[in-house]
Amino acid sequence: MWKNVESAPADAILGLTEAFKKDPRFAKVNLGVGVYKDEEGHTPILASVKAAEKRLIDEENTKSYLPITGNEAYGREVQKLIFGAPCDRAVTAHTPGGTGALRVAAEMLRTFSSKTFWVSKPTWANHTNIFKAAGLTVKEYPYYNPASKNLDSEGFLSALEQIPANDCVLLHACCHNPSGVDLSADQWKQVAQIAAKNGWSALVDFAYQGFGESLEADRIGVEAFLESGIDFFIASSFSKNFGLYRERTGALTAVAASPADAETAASHLKATARVIYSNPPAHGGMIVTTVLQDSKLSSRWKNELNGMRDRIAQARAALAEGLTAHGVPMDCSFITRQKGMFSFSGLTKEQVAFLREEKAIYIVDSGRINVAGLTPGNLGYVCDAVAEAMNR
Ligand code: LMR
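Here's the deal with unusual backbone geometry
Looking along the chain, the bond that leaves Lys 121 and enters Pro 122 is cis, with omega of 0°. Counting through the fold element by element, Pro 122 comes out in the loop between β3 (116–121) and α5 (125–133). Residue Pro 178 is bonded to the preceding Asn 177 through a cis peptide linkage, with omega at 20°. Checked against the element boundaries, Pro 178 lands in the loop between β7 (168–172) and α7 (185–198).

Here is the structure:
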């Protein structure tokens, strides 16, 4: 079967981790995959998560299947998180990670809406792959302006005006991956108004809730869409804010025009999930539900989440300061303006290759640096190497 088949290219992000693990050099740094690390370079299990797991070990009494869309309690807690309160015209399915949510949404959009999907230029490397694999045609709308290192607001809004009815537009709720450039509340309102006027739907990728400003402030995009009354989807991930990466814990929420429409959407969510993965893996969802239903655990979790966000903000400031001190030929203030885990550094593909080959520093080809991977132990080395790459 495989004799005349070319190997598939390595994954743009997870492939880097594979290469990093094989790299025998001692002073190596992985700033590729978006995984939070503490000051010692570890990705910790949050204390709130550990406490919930202990409780589950004692109290969980079956490993029988979950319902196709997961436990109702999980769906309710997810809605409280993403909307502030449960919503009667929304239905939520527990999915295997945010990626599972995106794939289910893509399948439903292909069946019930248009086959054309619009993503920002640039976007998360896996978005395009997921939507293409679901048989959708993927097109790009302008988003990031490399010259200003900011939103290309004119290009963005005028492109959205041209998108035909029934097409779907992917938007990043907060912490745009990879650029770190987010929309303001006014811009979100404008986007939602254009969607309502032109009749296209949206899939809002909410993978970083709590990593931008706060759990509440990061909802502005979702709130703008909710107010507009249009049909849209929200893909949530608890990889980052609960640190549940390998537990593959996500959710897909379909918001419909009415509670009756939401019931119809729920039936199709079930039918779609059933033929892809049947029903979701339980453990991560049970952790999230246990934490969110318990006021003590949930306030402990919120403190831990705030702590991760604060550490990333400090790492951003230290990176900007360190690069300036090492004489990089650019104004580094954009690094502290960007939101989320990543800094879209502006490094070229050649500079990225230099860093990987000569310095054993791994970052994504687009120049995206995982700021959450910087530690007091590697910051000086990274700043020195990036300055050398830029000044060559
Ligand atoms: C990332 O963007 O690095 C993360 O979302 C991890 C992944 O699966 O790519």
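Considerations on the packing of helix α6 (residues 153–162) against α7
Closest axis-to-axis distance for the α6/α7 pair is 9 Å, and the angle between their directions is 20°. Taken together, α6 and α7 sit at an angle that is classed as roughly parallel. At the point where α6 passes α7, the crossing takes the right-handed sense. Together, Ser 153, Phe 156, Leu 157, Leu 160 and Glu 161 of α6 and Gln 187, Gln 190, Val 191, Ile 194, Lys 197 and Asn 198 of α7 make up the contact between the two elements. Of the residues assigned to the contact of α6 with α7, the class counts are five nonpolar, four polar and two charged.

Concerning the domain arrangement of the protein chain
In many reports, interface size means the accessible area that the parts give up when they come together. When cut into domains, the protein chain gives domain 1 (14–44 + 309–387) and domain 2 (65–293). A separation of 28 Å is found between the C-alpha centroids of domain 1 and domain 2. When domain 1 packs against domain 2, close to 1,600 Å² is buried across both sides, 60% of that on carbon and sulfur atoms. Three residues, Arg 309, Lys 339 and Phe 344, lead the burial of domain 1 against domain 2; their summed loss comes to 42% of the area buried on that side. The tally of links from domain 1 across to domain 2 stands at one salt bridge. Between Glu 213 and Lys 339 there is a salt bridge, with the nearest N and O atoms lying 3.4 Å from each other.

Observations regarding the sheet that holds strand β4 (residues 137–142)
With mixed pairing, the seven strands of this open sheet are ordered in space as β2-β10-β9-β8-β7-β3-β4. Of all the strands in the sheet, just β2 (90–96) and β4 have a single pairing partner and so form its edges. Put simply, the sheet's adjacent strands are angled 25° from each other on average, direction ignored. Both β2 and strand β10 (residues 249–255) contribute to a ladder of seven bridges, which runs antiparallel.

Comments concerning the site of the ligand
Around the ligand, a shell composed of Ile 13, Val 33, Gly 34, Trp 124, Asn 177, Tyr 208, Lys 240, Phe 342 and Arg 368 is seen. Between an oxygen atom of the ligand and a main-chain N or O atom of Gly 34, the distance comes to 2.7 Å. Interatomic distance of 2.8 Å between a side-chain N/O atom of Arg 368 and an oxygen atom of the ligand. Compared with its free state, where it exposes 260 Å², the ligand has 82% of that area covered by protein. In terms of residue class, the shell around the ligand is built from five nonpolar, two polar and two charged. Residue contributions to the shell around the ligand reach at least three from each of two domains, namely domain 1 (14–44 + 309–387) and domain 2 (65–293).

Cut-offs used in this document
Residues numbered from 1 in each chain as written. Predicted model: local features only at pLDDT ≥ 70, side-chain atom pairs only at ≥ 80, totals over all residues. Heavy atoms only, no water. Helix = DSSP H or I, 4+ residues; strand = E, 2+ residues; numbered from the N terminus. Axes fitted to C-alpha atoms, helices over the stretch in contact; angles between N-to-C directions. Parallel < 35°, antiparallel > 145°, perpendicular 65-115°, else oblique. Left-handed = near helix turned anticlockwise from the far one by under 90°. Contact = heavy atoms within 4.5 Å. Nonpolar A, V, L, I, M, F, W, Y, C, P; charged D, E, K, R; others polar. Domains from an automatic or database assignment. Buried area = accessible area lost by both parts, 1.4 Å probe. Salt bridge = Lys/Arg side-chain N within 4 Å of Asp/Glu carboxyl O. Pairing = 2+ DSSP bridges. Near = heavy atom within 4 Å. Polar contact = N/O pair within 3.5 Å; in protein donor to acceptor, adjacent residues only side chain to side chain. Areas by Shrake-Rupley, 256 points an atom, 1.4 Å probe, with all protein chains shown as cover.

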